[in-house]
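Residue-level listing of the chains:
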Amino acid sequence: MTHRLALALLGITLAYFSSAFPGLAHTGEGYGGGFVAGFTHPILGWDHVAAMVAVGLWGAFLGAPAIWILPVVFPLVMAFGAVAGILGIPIPAIETGIALSAVVLGLMIVFAVRPPIWVAAVIVGAFAIFHGYAHGTELPATVNAFAYAVGFVISTGLLHLIGIAFGLLVRWPAGRTAVRGAGGVIALAGVAFLTGVA
Amino acid sequence: MTRAWRLAWLPFLLGAGPAFAHSPVPGLEGFYIGMLHPFSTPAQALLMVGMGLLASGYASERERYHFAAFPVATILGLILGSSSADLDPAMFATAFAVCALAALAPGRVHLLAVALVALGGFLIGAASIPDAGPLRDRLFTMSGSLVGANLGLLYLFGIILVLKQRFTWDWVGIALRVAAAWVGAISLLMLALGLAGPAVA
């Protein structure tokens, strides 16, 4: 079986080599550049990363149905924030709101706050507006808008997933401590963003 | 033939280059162009994916209403639409509504879901009207769009159904809802970019 598999793999490799088309490299613009710009935008901003991971962590900490409701609500509401940013509708204190989201969500995890699901959704949704607004206003003019939107929505969702995956440790006592500790780190990072230290 | 050898054929199929053969029926190439048309722009592709996610959320006895409404609405769109109309904003808005329903209330509010799928089908049909030209060519292209849109929805629905049946974990349903939320968010962003003007979009 291993021998046949090796032969098949060799056949596949040779076939790929023989059917290669010329590589038409891109210039960093268009779909590829747009996707990369959108995908990296939430990742390269530590305030965004902290808050997105906190959403996933808190969702996992609260358990079902919050574990999926929060990551579903966040991108939908975030898009409204991005719409406001793109259309130039003024929303005050965007950076403060983003930093505050890390503080509040971090503290929710530290103190194991378990509000009704609709309250959790409203809190997360309110902060999503600030994050979406920042993404919307910072959309680079040179990149493909569709690819940028796809990139930053997927990136945001994957950051939630990281938070959820880490948050699943709450099943074990030591994991619960670790998750609450991570919430504390996020809250402290939020304070640093808020005060301008970071 | 072993599974491994069957897989060895795959790269030949994936690496196939374009065939420059003549069309056996004059004008038939328009049919194939029309078949791909429902997935040829971001607005249409997002709407089609959203409708697939929405329709797959309903129990099997209710799915038939979606598949009855969609082709009828697509035909109406092909008849009543105009090739010069800019339907992207309407399609992005409908895609957002479809995805929001699929993400927040899958399998519920059935009448609204059927209405949204019908609206989506109408828009896909109306967006598939070719520019002026010989009637025969236009009919070929529009027929292709009708078939492509319906087959596309059927395949999307089928793929999601197979996923749900083969993997019965709760996570699959959650992942589909999250995917619907993502597609909805992208649609709303594209709508805003379109409304903000060509300088941004």
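In this text the structure is predicted, and so the values were computed from the model without any measurement. (Residues numbered from 1 in each chain as written. Chains lettered and ligands numbered in written order. Predicted model: local features only at pLDDT ≥ 70, side-chain atom pairs only at ≥ 80, totals over all residues. Heavy atoms only, no water.)

Visitor: Can you walk me through the packing of helix α3 (residues 46-62) of chain A against helix α4 (residues 66-87) of chain A in this structure?
Guide: When two helices pack together, you describe them by how their axes are tilted relative to each other and by the distance separating the axes. Residues and elements named next belong to chain A. Two numbers describe how α3 lies on α4: the axes approach to 7 Å, and their chain directions differ by 150°. As summarised for this structure, α3 and α4 are arranged roughly antiparallel, according to the angle between their axes. Here Met52, Val55, Trp58, Gly59, Ala60 and Leu62 of α3 come into contact with α4, specifically with Ala66, Ile67, Leu70 and Phe74. Class assignment of the residues belonging to the contact of α3 with α4 gives a composition of 9 nonpolar, 1 polar and no charged. (Axes fitted to C-alpha atoms, helices over the stretch in contact; angles between N-to-C directions. Helix = DSSP H or I, 4+ residues; strand = E, 2+ residues; numbered from the N terminus. Parallel < 35°, antiparallel > 145°, perpendicular 65-115°, else oblique. Contact = heavy atoms within 4.5 Å. Nonpolar A, V, L, I, M, F, W, Y, C, P; charged D, E, K, R; others polar.)

Visitor: Could you clarify how one ought to interpret the interface of chain A and chain B in this entry?
Guide: Often, the extent of an interface is quoted as the loss of accessible area on bringing the components together. Residue-level contacts link 33 residues of chain A with 35 residues of chain B. Carbon and sulfur atoms supply 88% of the area buried between chain A and chain B, which totals about 3000 Å² over both sides. The interface formed by chain A and chain B contains 0 salt bridges. Sorting the residues of the side of chain A that touches chain B by element identifies α1 (2-18), α4 and α7 (145-167) of chain A as the ones contributing at least two each. (Buried area = accessible area lost by both parts, 1.4 Å probe. Salt bridge = Lys/Arg side-chain N within 4 Å of Asp/Glu carboxyl O.)

Visitor: Please clarify how the environment of Leu191 of chain B should be interpreted in this entry.
Guide: Residue and element names in this part refer to chain B. Considering the arrangement of structural elements, one finds Leu191 in helix α9 (residues 170-196). Residues Leu191 and Asp88, spaced 103 residues apart in sequence, show a C-alpha to C-alpha distance of 7.8 Å. If sequence neighbours within four positions are ignored, Leu191 has contacts with Pro89, Phe92 and Ala93.

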